[in-house]
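Chain and residue survey
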Amino acid sequence: MIIKDIKNVDDLYLKGFEPLTQADEEAIQDAEIKGVQMDIDVNEETDTNLIVTNEGVRIAEVMIAATRHSQIYGWYSK
């Protein structure tokens, strides 16, 4: 499943995800500065969530956030 149009790290949290590492967060911030369109590619089979460009190029890995936002948007582990 693809979740379209991630604007920045804050938007990522609002959609119920967070960067896996500090390097992932910095990669997302760099892409935001460069104006890259970002999406979340949720692969339920491998339990891998990636921030990708609209061409499918990997930017960063993200995980389901352990925050209240993730419950509001329905993205929590079952």
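Residues numbered from 1 in each chain as written. Predicted model: local features only at pLDDT ≥ 70, side-chain atom pairs only at ≥ 80, totals over all residues. Heavy atoms only, no water.

1. Focus on the overall build of the protein
What counts, and what does not: A helix here means a DSSP run of H or I that spans at least four residues, while a strand means a run of E at least two residues long, and both kinds are numbered starting from the N terminus. When accessible area is computed with a 1.4 Å probe and restricted to protein chains, residues below 20% of their type maximum are described as buried, those above 50% as exposed, and intermediate ones as partly exposed. Pairs of residues are marked as contacts when any of their non-hydrogen atoms sit within 4.5 Å. The Shrake-Rupley method, run with a 1.4 Å probe sphere, supplies the accessible areas, and residue values consider only the shown protein chains as cover.
Within the protein, the secondary structure is distributed over three helices and five strands. Counted from the first residue to the last, the protein has its helices and strands arranged as β-α-β-α-β-β-β-α. The burial tally for the protein puts 35% of its 78 residues in the buried class. Counting only contacts in the protein whose residues sit at least 6 apart along the sequence, the fraction spanning at least 24 positions is 49%. For the protein, the exposed area adds up to about 5000 Å²; of that, 48% sits on carbon and sulfur atoms.

2. Thoughts on helix α2 (residues 22-34)
We count it as follows: To estimate how far a helix should extend, the number of its residues minus one is multiplied by 1.5 Å. The directions considered for the arc are those from the helix axis to the C-beta atoms. Two N or O atoms form a polar contact when they lie within 3.5 Å of each other; inside protein one atom must be a possible hydrogen donor and the other a possible acceptor, and for residues adjacent in sequence the pair counts only when both atoms belong to side chains.
Counted at 1.5 Å a residue, the expected span for α2 with its 13 residues is 18 Å, and the 18 Å between its end C-alpha atoms agrees. For α2, the complete set of buried residues consists of Asp 24, Ile 28 and Ala 31. Looking straight down α2, one finds its buried side chains confined to an arc of 60°; they lie on one side. Residues Ala 23, Ile 33 and Lys 34 are exposed on α2 and point more than 90 degrees away from its buried face. On its buried face, α2 is in contact with α1 (9-14), β2 (17-19), β3 (38-43), β4 (48-53) and β5 (58-64). Of the residues that open α2, the one with a side-chain oxygen 3.4 Å from the backbone nitrogen of Ala 23 is Thr 21.

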